[in-house]
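Understanding the architecture of this molecule
Residue-level listing of the chains:
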Amino acid sequence: MQQLTLPLTPGLRDALDDLADATGRSPEDIALDAVRKRLEEEAAGVRAVAERLADAHAELLRRLGE
């Protein structure tokens, strides 16, 4: 696994540490979960746009595939 350093403001780091303490998890685990969730959300948004574009241009895409 590769490491990634994130520049957090003191306020963000305090909030992350507080959440970690309250949940009994490590700050790294909480940050990793947040990154995973954000990537999933972004991927879903990109898929939705791609599907809309494919639907809107289905006839053109069909003709190009001939």
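Residues numbered from 1 in each chain as written. Predicted model: local features only at pLDDT ≥ 70, side-chain atom pairs only at ≥ 80, totals over all residues. Heavy atoms only, no water.

With that settled, the discussion passes to the confidence of the model for the protein chain. Across the protein chain, the average pLDDT comes to 95, with 100% of residues at 70 or higher. Per-element averaging of pLDDT across the protein chain places helix 3 (residues 58–64) at the bottom with 86 and helix 1 (residues 10–23) at the top with 98. (pLDDT = per-residue confidence, 0-100. Helix = DSSP H or I, 4+ residues; strand = E, 2+ residues; numbered from the N terminus.)

Turning our attention to the environment of Glu41. Tracing the backbone shows Glu41 in helix 2 (residues 27–56). For Glu41 and Leu4, which are 37 residues apart along the polypeptide, the C-alpha to C-alpha distance reads 20 Å.

Scanning the model with the defined rule gives five salt bridges in all. For Arg25, the salt bridge identified is with Asp33, shortest N-O distance 2.2 Å. Take Asp33: its relative accessible area is 31%, and that puts it in the partly exposed class. With a closest N to O distance of 2.8 Å, Glu42 and Arg38 form a salt bridge. In this pair, Glu42 and Arg38 both sit in helix 2, four residues apart, roughly one turn of the helix. The class for Glu42 is partly exposed, based on a relative accessible area of 40%. Look at the salt bridges and you will find they share partners, linking Arg25, Asp33 and Arg36 into a network. (Salt bridge = Lys/Arg side-chain N within 4 Å of Asp/Glu carboxyl O. Buried < 20%, exposed > 50% of the residue type's maximum accessible area, 1.4 Å probe, protein only.)

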